[in-house]
Structures are given as structure tokens and as C-alpha cells.
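# Coordinate inspection notes
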Amino acid sequence: MWISLQWSSSIRMSPSHLDLELTLSYYRHPTAITALARHPMMAAYSTQILHCDPSSISFTPSGDPEFTCQITLEALQAASRLLHDRETVAFPTETVYGLGALALDATAAAKIFSTKGRPPDNPLIVHVSSFPMLRSLLPRDYTIPKIYDVLMKHFWPGALTLLFPADPSQIPPIITANQRTVAIRMPSHPVARALIAIANAPIAAPSANSSGKPSPTRAQHVFKDLDGKLGLILDGGQCGVGLESTVVDALHDDGNVRVLRPGGITVEDIETAVRQDMGESSSIPRVLVHRRDYRDEVLEEAPTTPGMKYRHYSPAVPVILLCTSSAPPSGMQRIQVATFLQSLRERAPKPSGKIKIGLLTPSDSVLLADLTAVDEGIEWHRYPLGPIADPSVSAQRLFDGLLTLDNAGVDLILAEEIKEDREGLAVMNRMRKAAGESAWLDVSSS
């Protein structure tokens, strides 16, 4: 049976900048897509998007993928060939889209940094498809601690990253940023896990975006940002979690669980799993959140995991965090909404005199009516984050909201804080990193 894959891509060519329509018809040709990853007249890549059907993938008890869709299988095989050619590939995970390369090949992993413009002291997370693959990465004499057995039992495959001792004979220092630990997780998204299994190799993958920008949760986000910088994007639909994985370090002598980066697995979920499997005794590990429950200046200067040192998640336009429940800093007073809006109107670009403002607020925000009641000199663009009572919806929509409003051409974005429990802890972690300034508003009369 012949299979026809059709792509349409605007390709920047030198010197004439031609637009090409590429059509490939092939009969399971082993190098067809690899050959199209670069056009001979281009300095940049011709970025292609191949669709994958996550529902067509299942796994055997041993972790081997099975497929009911030949197109999906061939797309994953094409991606695997690119990876083994030491190229990068973008692929969906349950958290965000990742930019993957072979984790045990320093030359391949270096392309992640050059593609993203990523600082070299920002370590990468290694993704595995099975427990035998995890075991193969660890030092031979290392015994996985009980707390990790508990966490893997409850949350793997899934949005939880664990720190393990790094085996320097296997893990290149570019992956760990010369740290003694390596961050590893097993993704639950069928496309991600199947890709790793087909490649038969661990894949290092940060988010598939230019360093510092919001993480992509759709294939089109990746294409808009990295078009021409990589050969292939696997489109597996919108990411279900919408925020990066939770990163945990339980390697300290005190046995406590340190959450270095909040994410798709909540602190409450981790606490419940620990209590359930380790009892209610006094020796049960505590779950500590970095910067909430403790500080570690050495770790912040030389992080062992992504998302700790540099400003992240920022769109091209300014983001202002609207604080309606948290207390303002000492000596600062809350301001009235009307006063705040007047200050925004004064930022209006000339000569139009009207400012376009994006709004990222819960659907049932009490602040929303006060803001949008004023439209003189302001053009509002709303992106609802879902109900206040369900922070998982806010988590799933946050990055898409930032990117959607940015692409709508707003002049700035207002993002309203939410309560820092469950997924809200991770949402606020990302909001604070995205925002360049904060405003504490008085909503007592709302």
C-alpha cells in the first residue's frame, strides 16, 4: 500500500526566499523524511509536522508499544531516524511539547542548547520509556530508595521528575550541567513514550521553545517559534497537563522529599501517596517546597534541574501580575482599580491613543467586571483560565493563554493570581517568572 504524506511549509531560502509545497509519496522508504529534513538550497531546516494519533498506541506489560495506525508508527520511525542522525525532534508529552535529542550523545544533546538558545548551566531532564531503561542509566551499585519506589508506583508514567545519582561513565556532563545528579522521568503521553521505545534510547528534552518564552502546549506553538530550526514536529494534539513536570529530590540524608519545581503532580498528591505507603509514623518523610518551606542559595546558583535560575515563560509583550489576595510588600499600599487602569492608559502607544490589553483571569473572577467596565482608551482581549475552584484548568490553559494573547498583538498582558494550592502552586510559580512587574489591587468593594 502506498502512503502519501502532504506538507505545506513556508521555507526561507537563500537567496530567493521561495515558498515551496512539498509532497512526499513513498512506500515505507527508510530515509524519505530524513532526506527532507534539510533542503539543499537552505541554510535553515524545512520544518515538517507529522500527525500522530495517541489513541492508536498501547503498551504491553513489558512497556513495548503497539500500534493500530500505520501512519502514526511511520511518523515515529521517521522521528527515531532523525534522533539517531543526531538531530532534534519536537514531540508531545502530557506536560508540554519537548525538544528531544539522544541523551547519551553529547553532540546530539548540544543541538538542544543551540536550537533553543539555552544557557549551558541549565540542566536537562532525561526521559525513559521503561523501568529497565531507567535502571540502565543508574550506577550499578545504586539501590533505589523506598521513597522513590513509592513515588514511581503512584506517578510513573506521569508528570513527575526524580533526581538520581548521575553515572558519569554514561551521562554526558552537558545533560547535568556538571552536577552529580541527573533528572529523569517516564512520560505518560503515548506518543512520547512510544518514541523513546522505538528509538530504544533515553531522550533528553526540555520544552520545545526558544529559551525564556512560554512553553508550547500545541504543535503549532512549536512551529511558530522554531520553524526553520529543526526538521520535524510530531503533532499529538494539545497537552493535557499544560505545565512542566514536578521535580523532586529525595536524595538528602534526612529522607525528606524536596519539591524543586512544582508542576503537573501536586504537592498534595505527593503527600497523600507518601502517607498511604509509608504510614503515619514519625519517620514519614516531609514534603518541602523550595522557596516556600526552605531556601538553598547554592542550589539556586548552580541548579540541578531546569526552571530554577533563569527568567522563564515570558511572551514578547510585558506581563503584569495582578495580586488581589496576597499581601503587598512591606510599605506598599494596594491601589484602586480605577487608578491602576488610568496608569495603563498612559502607556498607550502614539498616535492611536488606545492600548490593547490581554486579560488572563479565572472565568468567575470578581476582578473581571471591574476591569472590563472601563473601555475608554482600552481594547480588551480576554482569555479565561477556567473556574477558580479548579486550578487544573488554569494550569492547562496558562501557556496557551500567554501565547494566544501575544499572537493577538496586545500591548501587554494582565494575569490575575490564583490560590496557591493543588495545581495553583505551579501556576503561580510560572506566572511570577513570566511577569516583569506586579500590581496589588484593592478589590474590597467588588
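Preceding this paragraph is the structure being described.
About the thresholds
- Residues numbered from 1 in each chain as written.
- Predicted model: local features only at pLDDT ≥ 70, side-chain atom pairs only at ≥ 80, totals over all residues.
- Heavy atoms only, no water.
- Helix = DSSP H or I, 4+ residues; strand = E, 2+ residues; numbered from the N terminus.
- Buried < 20%, exposed > 50% of the residue type's maximum accessible area, 1.4 Å probe, protein only.
- Contact = heavy atoms within 4.5 Å.
- Areas by Shrake-Rupley, 256 points an atom, 1.4 Å probe, with all protein chains shown as cover.
- Polar contact = N/O pair within 3.5 Å; in protein donor to acceptor, adjacent residues only side chain to side chain.
- Pairing = 2+ DSSP bridges.
- Axes fitted to C-alpha atoms, helices over the stretch in contact; angles between N-to-C directions.
- Phe/Tyr/Trp six-rings, centres within 6.5 Å; stacked < 30°, edge-to-face > 60°.
- Lys NZ or Arg CZ within 6 Å of the ring centre and 35° of its normal.
- Lys, Arg positive; Asp, Glu negative; His and termini not counted.
- Salt bridge = Lys/Arg side-chain N within 4 Å of Asp/Glu carboxyl O.
- Right-handed = clockwise from strand over helix to strand, strands pointing away.

## A word on the overall build of the protein chain
What the protein chain contains, in helices and strands, is 14 helices and 21 strands. Taken over 446 residues, the protein chain has a buried fraction of 56%. Taking contacts inside the protein chain between residues at least 6 apart in sequence as the whole, the part at least 24 apart equals 69%. Of the roughly 19100 Å² of accessible surface on the protein chain, a fraction of 51% belongs to carbon and sulfur atoms.

## Topic: helix α3 (residues 106-116)
Within α3, burial applies to Ala108, Ala109, Ile112, Phe113, Thr115 and Lys116. Packed against the buried residues of α3 are β7 (98-102), α6 (173-176), β11 (203-204) and α8 (219-226). By the N-cap criterion, in which a side-chain oxygen at the helix start approaches the backbone nitrogen of a residue two or three places on, α3 is capped by Asp105, the distance to Thr107 being 3.0 Å. Looking one or two residues past α3, Gly117 carries a phi angle of roughly 70 degrees, positive in sign.

## A word on the sheet that holds strand β15 (residues 287-289)
Across the sheet, 11 strands lie side by side as β3-β12-β6-β7-β11-β8-β10-β9-β13-β14-β15; this open sheet has mixed pairing. Both edges of this open sheet fall to β3 (48-51) and β15, since each of them pairs with a single strand only. Inspection of the sheet shows strand β6 (residues 89-91) paired to β7 by 3 bridges, in the antiparallel sense. Note that in β7 the partner of Ala90 across the bridge is Leu99. The strands that helix α9 (residues 267-278) touches are β9 (160-165), β13 (246-249), β14 (257-261) and β15; relative to β15, the one it contacts most, it runs at about 160 degrees.

## Some remarks on the packing of aromatic side chains
Within this structure, the stated rule accounts for 4 aromatic pairs. The ring of Phe59 carries Arg193 above its face, with NZ or CZ at 4.4 Å from the centroid. The ring of Tyr294 carries the charged tip of Arg258 above its face, separated from the ring centre by 5.6 Å.

## Quick word on the side chain of Asp406
Tracing the backbone shows Asp406 in helix α13 (residues 391-407). Salt bridges are absent for the buried Asp406, whose nearest opposite-charge side chain, Lys213, sits at 6.8 Å. Residues within four places of Asp406 in sequence aside, it is in contact with Pro315, Ala316, Val317 and Ile413.

## Considerations on the sheet that holds strand β17 (residues 335-336)
Judged by pairing direction, the sheet is parallel, and its 6 strands sit side by side in the order β17-β21-β16-β20-β18-β19 without closing on themselves. Each end of this open sheet is capped by a strand with a single partner; those strands are β17 and β19 (378-384). With 4 bridges joining them, strand β16 (residues 319-323) and strand β21 (residues 437-442) adopt parallel strand pairing. Directly across from Leu321, in β21, lies its bridge partner Ser438. The strands that α13 touches are β16, β18 (355-361), β19 and β20 (412-416); relative to β19, the one it contacts most, it runs at about 155 degrees. Seen against the sheet, helix α14 (residues 423-434) touches β16 and β20 and runs at an angle of roughly 130 degrees to β16.

## Some remarks on the pairing of β18
Among the 7 residues in β18, 6 count as buried, and that is most of the element. Here 7 bridges tie β18 to β19, and the two strands are oriented parallel to one another. Across the sheet, the residue bridging to Leu360 is Tyr383, located in β19. Once the chain exits β18 it traverses helix α12 (residues 366-372) before rejoining the sheet at β19, and the crossover so formed is right-handed. The sheet contact formed by β18 and β20 spans 4 bridges and is parallel. Bridging across to β20, Gly358 finds its partner in Ile413.

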